[in-house]
Amino acid sequence: QVQLVESGGGLVQAGGSLRLSCAASGRTFSNYHMGWFRQAPGKEREFVGGITYTGWITKYADSVKGRFTISRDNAKNTVYLQMNSLKPEDTAVYYCAAGSARTVLSTTARSYEYWGQGTQVAVSS
């Protein structure tokens, strides 16, 4: 089992920045790819970005490329999502998720085995 706890959400004006953190406990953090997903009211959960277990490879949704950056610190069992130039359409609950490093880094939610409880991000115009 891997337990994931997100933090860092909040209310920010358009153009502002937030950094989300996801702290992991339980099984060896460095054995897992990590993903960030988000879900807005009335919409399906969508992939935001992911990072391999080594931290060498990242993937991003087109909607956040150039604005969001994922990083991880395996010594601290933490993955981060730096969000810059935020837009009102970024408003959602953000979830981190852990998936097996035995497969390729995935953009689909079903590939991730463990999920956090989510943190709310609201961007005002």
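Scroll up to find the structure.
All of these numbers come straight from a predicted model, not from anything done at the bench.

Conventions and cut-offs
- Residues numbered from 1 in each chain as written.
- Predicted model: local features only at pLDDT ≥ 70, side-chain atom pairs only at ≥ 80, totals over all residues.
- Heavy atoms only, no water.
- Helix = DSSP H or I, 4+ residues; strand = E, 2+ residues; numbered from the N terminus.
- Rg over C-alpha atoms; globule rule 2.2 N^0.38 Å.
- Buried < 20%, exposed > 50% of the residue type's maximum accessible area, 1.4 Å probe, protein only.
- Contact = heavy atoms within 4.5 Å.
- Areas by Shrake-Rupley, 256 points an atom, 1.4 Å probe, with all protein chains shown as cover.
- Lys, Arg positive; Asp, Glu negative; His and termini not counted.
- Charge placed at Lys NZ, Arg CZ, Asp CG, Glu CD.

Regarding the overall build of the protein chain
At step 1: The number of helices and strands found in the protein chain is 0 helices and 11 strands.
At step 2: Helices (α) and strands (β) of the protein chain occur, in sequence order from the N terminus, as β-β-β-β-β-β-β-β-β-β-β.
At step 3: The C-alpha atoms of the protein chain give 13 Å as radius of gyration, which agrees with the globular expectation for 125 residues (14 Å, within 12%).
At step 4: By its C-alpha atoms, the protein chain is 40 × 25 × 25 Å across when sized along the principal axes.
At step 5: When burial is assessed residue by residue, the protein chain has 44% of its 125 residues classed as buried.
At step 6: Considering only contacts in the protein chain between residues 6 or more positions apart, those separated by 24 or more positions represent 60%.
At step 7: Of the roughly 6400 Å² that the protein chain leaves accessible, carbon and sulfur atoms contribute 48%.
At step 8: Across the protein chain, 13 positive and 8 negative side-chain charges occur, with their mean positions spaced 5 Å apart.

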